[in-house]
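# Structure at a glance
One-letter residues, chain by chain:
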Amino acid sequence: AQECIGMKIMVNGKMSGPDIVKTRAPQATGIHTLDEFLKVSKIDKAAVAAEAASQQPKAEKKAPAEGEDQNPYCVLVCGGGNAAQVATAMFSARYSTIAVSLFADEAAKWKAALGDSEYELTLDSGKVLKSRPDDITNDPSVAAKADAIVLAVPSFAHGEYF
């Protein structure tokens, strides 16, 4: 990557190249260790450690359990091709998910092909996800329900979804 920008910043895994002075990295100003950074920043390491030790321990958040109820967070996946179908399967394993395809009758065909079945997606780790989207539609008004929108279509098709 350094060749692409015409600069030499990293040398042997360290930020010590001749062009480091052209960056905003601490090393550009002669700071090379955490202690040097803390001193220049006027951060008292002992005071920070004492404050952290005096804080009440926070309750640990548990990792989501397998098969937990879907989160009310809603993801809208736009598209109908391979990427959209995989994204829909992955998101619907965890979140409320709606797929929308505006291409011809693709949504209706996709919905009919899935029928009452679930997706069964085998990840590269070997784990198998089973899931089902809340809906597969060609109605763009479903975007109003979404907390996040994923455009899983080629760039030439983005405009259709905007």
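Figured I'd write up the structure that's included with this text. Here the residue index of a chain counts from 1 through its sequence in written order. In keeping with the predicted nature of the model, local features appear solely for residues at pLDDT of at least 70, side-chain atom pairs appear and are counted solely at 80 or more, and the whole-chain, interface and lining totals rest on all residues. Excluding hydrogens and water, the side-chain values take into account all heavy atoms of the structure.

## Describing unusual backbone geometry
The cut-off we apply is this: A run of H or I in DSSP counts as a helix once it spans at least four residues, and a run of E counts as a strand once it spans at least two, with each numbered from the N terminus. Any residue under 20% of the maximum accessible area for its type is buried, any over 50% is exposed, and the rest in between are partly exposed; the area is computed with a 1.4 Å probe on protein chains only.
Positive phi, close to 50 degrees, is recorded for N12, a residue that is not glycine. Position of N12 relative to the elements: it lies in the loop between strand 1 (10–11) and strand 2 (14–15). By relative accessible area, N12 is classed as exposed at 78%. Even without glycine at this site, A104 takes up a positive phi of about 40 degrees. On the secondary structure map, A104 appears in the loop between strand 4 (95–100) and helix 5 (106–114). The class for A104 is exposed, based on a relative accessible area of 57%.

## Some thoughts on a nonpolar patch on the surface
Rules: The patches reported here contain residues having more than 30% relative accessible area and no salt bridge. Joining distances are 9 Å for like charges and 5 Å for nonpolar side chains (Val, Leu, Ile, Met, Phe, Trp, Tyr). Values of accessible area rely on a 1.4 Å probe in the Shrake-Rupley scheme; residue burial ignores everything except the protein chains shown. Any Lys or Arg side-chain nitrogen located within 4 Å of an Asp or Glu carboxyl oxygen qualifies as a salt bridge.
Residues L34, F37, I43 and V48 make up a contiguous nonpolar surface patch of about 350 Å² in total accessible area. In this fold, V48 is placed in helix 3 (residues 45–54). Taking relative accessible area as the criterion, V48 reaches 48% and is therefore assigned partly exposed.

## With respect to the pattern of salt bridges
One pass over the full model with this rule turns up five salt bridges. Across the salt bridge formed by K45 and D35, the nearest N and O atoms sit 3.6 Å from each other. Of this pair, K45 sits in helix 3 while D35 sits in helix 2 (residues 34–40), placing them 10 residues apart in sequence. Here E120 and K130 are joined by a salt bridge, their closest N and O atoms 3.6 Å apart. With E120 in strand 5 (residues 119–122) and K130 in strand 6 (residues 128–131), this pair connects stretches of sequence that are 10 residues apart. Given the relative accessible area of 51%, K130 is considered exposed.

## A look at the pairing of strand 6
Under the convention used in this document: Two strands are said to pair when DSSP picks up at least two bridges between them.
The alternating pattern of strand 6 places L129 and S131 on a buried face and V128 and K130 on a face that is not buried. Hairpin connection between strand 5 and strand 6: a loop of five residues separates the two successive antiparallel strands, and G126 in this loop has a positive phi of roughly 100 degrees.

## Considerations on the side chain of T88
Let me state the cut-off plainly: Here a polar contact means two N or O atoms within 3.5 Å. Within protein one must be a hydrogen donor candidate and the other an acceptor candidate, and residues neighboring in sequence count only if both atoms are side-chain atoms. We call two residues contacting when some pair of their heavy atoms lies within 4.5 Å.
Summarising the element assignment, T88 is placed in helix 4 (residues 82–92). By relative accessible area, T88 is classed as buried at 0%. A polar contact of 2.7 Å, which involves the side chain of T88, links it to the backbone oxygen of A84. The residues contacting T88, other than those within four sequence positions of it, are V77, T97, A99, W110, Y119 and P133.

## Things to note about the environment of P26
Assignment of secondary structure puts P26 in the loop between strand 2 and helix 2. Note on P26: relative accessible area 34%, which makes it partly exposed. Considered as a pair, P26 and F37 are 11 residues apart in the sequence and their alpha carbons are 7.5 Å apart.

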